[in-house]
Amino acid sequence: MNLQQQIAYIERKQEDARRFAAEQRALVAKDARMLWPFPVGGMVAGAAVFGAGMVFAKLIGA
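What comes next concerns the included structure. (Residues numbered from 1 in each chain as written. Predicted model: local features only at pLDDT ≥ 70, side-chain atom pairs only at ≥ 80, totals over all residues. Heavy atoms only, no water.)

## Brief notes about the overall build of the protein chain
Consideration 1: The number of helices and strands found in the protein chain is two helices and zero strands.
Consideration 2: Since a compact globule built from 62 residues should have a radius of gyration of about 11 Å, the 27 Å found for the protein chain marks it as more spread out than a globular shape.
Consideration 3: With respect to the principal axes defined by its C-alpha atoms, the protein chain has extents near 90 × 10 × 5 Å.
Consideration 4: Residue burial in the protein chain is summarised as follows: out of 62 residues, 0% are buried. (Helix = DSSP H or I, 4+ residues; strand = E, 2+ residues; numbered from the N terminus. Rg over C-alpha atoms; globule rule 2.2 N^0.38 Å. Buried < 20%, exposed > 50% of the residue type's maximum accessible area, 1.4 Å probe, protein only.)

Written out as C-alpha cells, the structure is:
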C-alpha cells in the first residue's frame, strides 16, 4: 500500500466510525423518549390508587 491508499483507507474507517456513532446516538435518543411513559404511567397509577383509597375511606366514614 502506498501512502495515498493508506490515507484513503483510514478516512473510510473514520467515516464508518462516525456513521456508527451517529446511529448509536439516534438509538439512545429514541430509547430515552420511550422511557418517559413508564414513570408517568406509574405516577398516574399511584394517583389513581390514592384517590380510590380516599373514596373508600370516605365511604366507610373514617
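Past the structure itself, the notes keep going.
## Structural notes on the environment of Phe56
Consideration 1: Among the structural elements, Phe56 can be located in helix α2 (residues 37–60).
Consideration 2: The spatial distance from the C-alpha of Phe56 to the C-alpha of Ala21 is 54 Å, given a sequence separation of 35 residues.

## A closer look at α2
Consideration 1: Over its 24 residues, α2 extends 34 Å from the first C-alpha to the last, a length consistent with the 34 Å expected when each residue adds 1.5 Å.
Consideration 2: Immediately beyond the C-terminal end of α2, within one or two residues, lies Gly61, with a positive phi of roughly 100°. (Expected span 1.5 Å × (residues − 1).)

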